[in-house]
Amino acid sequence: MKERKQIIEDVCARDDIVSRTKHLAECCKRSIVEKGFCIEHMEPDEKPADLSEKVESYIKDADVCEKFAVGKDLFIGGFLYEYARRHPELSNQMLLRIAKGYEDELTKCCATDNPPECYGKADEKLHAAVQENLSHFQKICTIVKTQGKAAYEKLMVIRYTSIMPTASFEGIRAITYRMGGIMQECCAKDQSKLMPCAEEKMSDLLDETCAENDPATINKNVEACCNDFYSHRRLCMLDMKPDTESAPPEFSADSFPITEDLCTMSDADSLTASVK
């Protein structure tokens, strides 16, 4: 905490940094207690108007491989900085995946006979990954807006039950209920804020879930995802296949009593009643 406080104080003491962003300047005026929280949750500034749409020097310059070889971490850090300031509509997780994808592309391309021709196509691949991620959240928003939050939650109950059938219903229901709340909140925002809102909140929820439970007691696939990179954890869960190794309990019609009460129950209560 002391080190974090010192970093914040050092940043706020730099006029050349503070003067470039109005939100940071506002946070730096707050008390020591409020300053860190304010910076962590501040809204992004508008994208600089003079920026080109693409990070040209990282996909067209002939000496990219030389710079990459001299200082890989610094070079990739520079790329991440330039890409992030051009795309405030992307989530932190998406930006981290883009940086990793670009690094992997350079590692492959710089070993070829014509590296510029190879890494010159990197931007197209990164753009495709961004569109795929955005499309995923847009599809969820369509469900939430047209069918309601409860419909999305039920779909997620089915999804998570199939990939972790040994988890308790209470645990799965708690996760999916919060997922519904997150998407309802984020789908109400502008499209430019959908991905940062949804992916960052979803990632935080998965982090909590992995920390509060021993994933090894659920199954090896969940454990693998919980141990995956922070930026890849959500996609790992999304790509997970149904668990075919666990043996389901013997089916009994008595497990699903159909009573008149079901006609008057709320969606949440009827869902709970169906698994008791």
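Everything quoted here is computed from the prediction, not taken from an experiment. (Residues numbered from 1 in each chain as written. Predicted model: local features only at pLDDT ≥ 70, side-chain atom pairs only at ≥ 80, totals over all residues. Heavy atoms only, no water.)

Draft legend 1. Geometry of the packing of helix α7 (residues 72–86) against helix α8 (residues 92–109). Running from amino to carboxyl end, α7 crosses α8 at an angle of 135°, the nearest separation of the two axes being 10 Å. Put simply, α7 runs oblique to α8. The way α7 lies across α8 gives a crossing that is right-handed. Of α8, the residues touching α7 (which contributes Lys72, Phe75, Ile76, Phe79, Leu80, Tyr83 and Ala84) are Leu95, Leu96, Ile98, Ala99, Tyr102, Glu103 and Leu106. Taken together, the residues of the contact of α7 with α8 break down into twelve nonpolar, no polar and two charged. (Axes fitted to C-alpha atoms, helices over the stretch in contact; angles between N-to-C directions. Helix = DSSP H or I, 4+ residues; strand = E, 2+ residues; numbered from the N terminus. Parallel < 35°, antiparallel > 145°, perpendicular 65-115°, else oblique. Left-handed = near helix turned anticlockwise from the far one by under 90°. Contact = heavy atoms within 4.5 Å. Nonpolar A, V, L, I, M, F, W, Y, C, P; charged D, E, K, R; others polar.)

Draft legend 2. Layout of the state of the cysteines. Summed over all chains, the structure comprises eight disulfides. Through a disulfide, Cys65 is tied to Cys110; the S-S separation comes to 2.1 Å. Between Cys65 and Cys110 the sulfur-sulfur dihedral comes to about -90°; the bridge is accordingly left-handed. Of this pair, Cys65 sits in helix α6 (residues 64–70) while Cys110 sits in the loop between α8 and α9 (115–119), and the two are 45 residues apart along the sequence. Residue Cys110 is classed as partly exposed on the basis of its relative accessible area, which comes to 27%. The disulfide bridge from Cys225 ends at Cys236, spanning 2.0 Å between sulfur atoms. Of note, the bridge from Cys225 to Cys236 carries an S-S torsion of about -80° and is left-handed in sense. Within this pair, whereas Cys225 is found in helix α14 (residues 220–226), its partner Cys236 is found in helix α15 (residues 233–239), the two being separated by eleven residues in sequence. Since its relative accessible area comes to 2%, Cys225 is described here as buried. (Disulfide = S-S within 2.5 Å. Buried < 20%, exposed > 50% of the residue type's maximum accessible area, 1.4 Å probe, protein only.)

Draft legend 3. The arrangement of helix α12 (residues 169–187) in detail. Look at α12: 26 Å from first C-alpha to last across 19 residues, which is about the 27 Å you get at 1.5 Å a residue. Listed in full, the buried residues belonging to α12 are Phe169, Ile172, Arg173, Ile175, Thr176, Met179, Gly180, Ile182, Met183, Cys186 and Cys187. (Expected span 1.5 Å × (residues − 1).)

Draft legend 4. Region of the structure containing the pattern of salt bridges. With the rule as written, the count across this model stands at 21 salt bridges. Lys35 is the salt-bridge partner of Glu9, the closest N and O atoms lying 3.5 Å from each other. Placement of the pair is Glu9 in helix α1 (residues 2–12) and Lys35 in helix α4 (residues 32–40), with a sequence separation of 26 residues. Assessed through its relative accessible area of 24%, Glu9 is described here as partly exposed. For the salt bridge of Arg173 with Glu153, the shortest nitrogen-to-oxygen distance reads 3.3 Å. Here Arg173 is found in helix α12, whereas its partner Glu153 is found in helix α11 (residues 149–163), with 20 residues between them in sequence. Side by side, Arg173 and Glu153 carry an identical accessibility label, which is buried. (Salt bridge = Lys/Arg side-chain N within 4 Å of Asp/Glu carboxyl O.)

Draft legend 5. Region of the structure containing the UniProt feature "domain: Albumin" (unreviewed entry) in the chain. The UniProt entry lists residues 1–128 and 129–276 under the feature "domain: Albumin" (unreviewed entry), expressed in the numbering used here. Regarding residues 1–128, the helix share stands at 68% and the strand share at 0%, and the terminal C-alpha atoms are separated by 39 Å. (UniProt positions renumbered as here; feature names shortened; annotations may be inferred.)

Draft legend 6. The nonpolar core, seen in detail. Ranked by size, the top nonpolar core spans 53 residues in total, and within it Tyr83, Tyr102 and Met183 carry the most contacts. Not counting residues up to four positions away in its chain, the partners in contact with Tyr83 are Val55, Leu90, Leu95, Ile98, Asp123, Leu126 and Val130. Core analysis: the second largest hydrophobic core is formed by five residues, Ile8, Cys12, Val18 and Leu24 among them. (Core = buried A, V, L, I, M, F, W, Y, C linked by side-chain atoms within 4.5 Å.)

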